[in-house]
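Descriptive structure summary
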Amino acid sequence: MKKVTLSMLGILLLLSFAGLAKQTVVLNSYMSDPAPKAALAQLVQDFEAANPDYTIVVNTFAHEDFKTLLRTWLPMEKAPDVVTWFAGERMRYFASQGLLEPLSTVFGEDGFNSHFPSSFKSSCEYSDEIYFLPQSWYWWGVYYRKSIFQSQGIQVPVTWAQFLNACGKIKSAGYIPITIGTKYLWTAAGWFDYLDLRV
């Protein structure tokens, strides 16, 4: 069974230190939307320009198809060399199955925190090893009803303590302070991963 490395950035770092002969590296990606696809293509182009002994073959799949296919690829003997995926619990599941290769050694003595914000580390590690390297990230917004904030005299929170206080006031006023859409399961999983696990 072949272990797979997560994220293009992971393969860039690994290959930079590997000193291997010319080879083809297969990267399976779910980044089919124009902006992330272009960002990944730029990473590949930059890497190949700096490392002419390597050819990166990028296979791009529709997002929902990728989620299904990933579970069949990872246990295969001829699994892709690199895959894109999600940080946090979704990554940890595959790491716990022994299907991913740890990347901790690529940082040497510098360590993960010398390359990324320390707040990222908990989403990128499993069992004290780094398995995931961020290539990009995005913010999740919280929308609020101005009319409720105004009627209850609540200021827009800018700290976690203020956010919790605002939720308490909203609940005391008879409103449900937070709700999320769950038409797609990933929105609920994201809420669980980024907030609930840290509470």
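Here, the structure is the one placed above.
The following refers to the structure shown. For clarity, every value in this text was computed on a predicted model and none was experimentally measured.

Structurally, the position occupied by R92 is in helix α4 (residues 89-96). Exposure remark for R92: the relative accessible area of 15% places this residue in the buried category. Beyond its immediate chain neighbours, meaning those up to four positions away, R92 contacts S122, S123, E125, Y126 and D193.

Turning to the pairing of strand β2 (residues 23-29), a few remarks are in order. On a regular strand, each side chain points to the face opposite its neighbour's, so the side chains alternate between the two faces of the sheet. As defined by bridge partners, β2 adjoins strand β3 (residues 54-60) across seven bridges and the pair is classed as parallel. Looking at β3, one finds that Q23 is bridged to Y54. Handedness of the β2-helix α2 (residues 34-50)-β3 crossover: right-handed.

Opposite charge on two side chains permits them to pair, given that their charged atoms come into close proximity. One pass over the structure, following the stated rule, counts two salt bridges. Across the pair K67 and E64 runs a salt bridge, and its minimum N-O distance is 3.2 Å. Pair noted here: K67 and E64 are both in helix α3 (residues 63-73), with a separation of three residues, about one helical turn. According to the relative accessible area criterion, K67 is buried, its value standing at 13%.

The end-to-end C-alpha distance of α2, which contains 17 residues, comes to 24 Å, matching closely the 24 Å that a straight helix rising 1.5 Å per residue would cover. Every buried residue of α2 is accounted for by L40, V44 and F47. An end-on view of α2 places all buried positions within 65° of arc, on one side of the element. Within α2, the exposed residues directed more than 90 degrees away from the buried face are P34, A35, Q45, A49 and A50.

What follows is about the side chain of T84. Relative to the assigned elements, T84 resides in the loop between β4 (82-83) and α4. The class for T84 is buried, based on a relative accessible area of 1%. Within the structure, the side chain of T84 is placed 3.1 Å from the backbone nitrogen of Y30, a separation counted as a polar contact.

This brings us to unusual backbone geometry. In most cases, non-glycine residues show a negative phi, while peptide bonds are predominantly trans. Phi is positive for S127, which is not a glycine, with a value near 50°. Inspection of the secondary structure assignment puts S127 in the loop between β5 (125-126) and β6 (129-130). Of note, D128 is a non-glycine position whose phi angle comes to about 65°, a positive value. The residue D128 is located in the loop between β5 and β6 in this model. What makes D128 exposed here is its relative accessible area of 73%.

Attention now moves to the packing of aromatic side chains. The final tally for this structure, using the stated rule, is 15 aromatic pairs. Note on F61 and F66: the rings are 6.4 Å apart at their centroids and 55° apart in plane angle, and the pair reads as tilted. Between F107 and F112, the aromatic rings sit 5.6 Å apart at their centres with planes inclined by 75°, giving edge-to-face as the arrangement. Accessibility classification places F107 together with F112 in one group, the buried group.

This part covers α4. Among the residues of α4, those classed as buried are M91, R92, F94 and A95. Buried residues in α4, looked at end-on, bunch into an arc of 165°, giving them a common side. G98 sits one or two positions beyond α4 and adopts a positive phi of about 75°.

About the criteria used
Residues numbered from 1 in each chain as written. Predicted model: local features only at pLDDT ≥ 70, side-chain atom pairs only at ≥ 80, totals over all residues. Heavy atoms only, no water. Helix = DSSP H or I, 4+ residues; strand = E, 2+ residues; numbered from the N terminus. Buried < 20%, exposed > 50% of the residue type's maximum accessible area, 1.4 Å probe, protein only. Contact = heavy atoms within 4.5 Å. Pairing = 2+ DSSP bridges. Right-handed = clockwise from strand over helix to strand, strands pointing away. Salt bridge = Lys/Arg side-chain N within 4 Å of Asp/Glu carboxyl O. Expected span 1.5 Å × (residues − 1). Arc of directions from axis to C-beta. Polar contact = N/O pair within 3.5 Å; in protein donor to acceptor, adjacent residues only side chain to side chain. Phe/Tyr/Trp six-rings, centres within 6.5 Å; stacked < 30°, edge-to-face > 60°.

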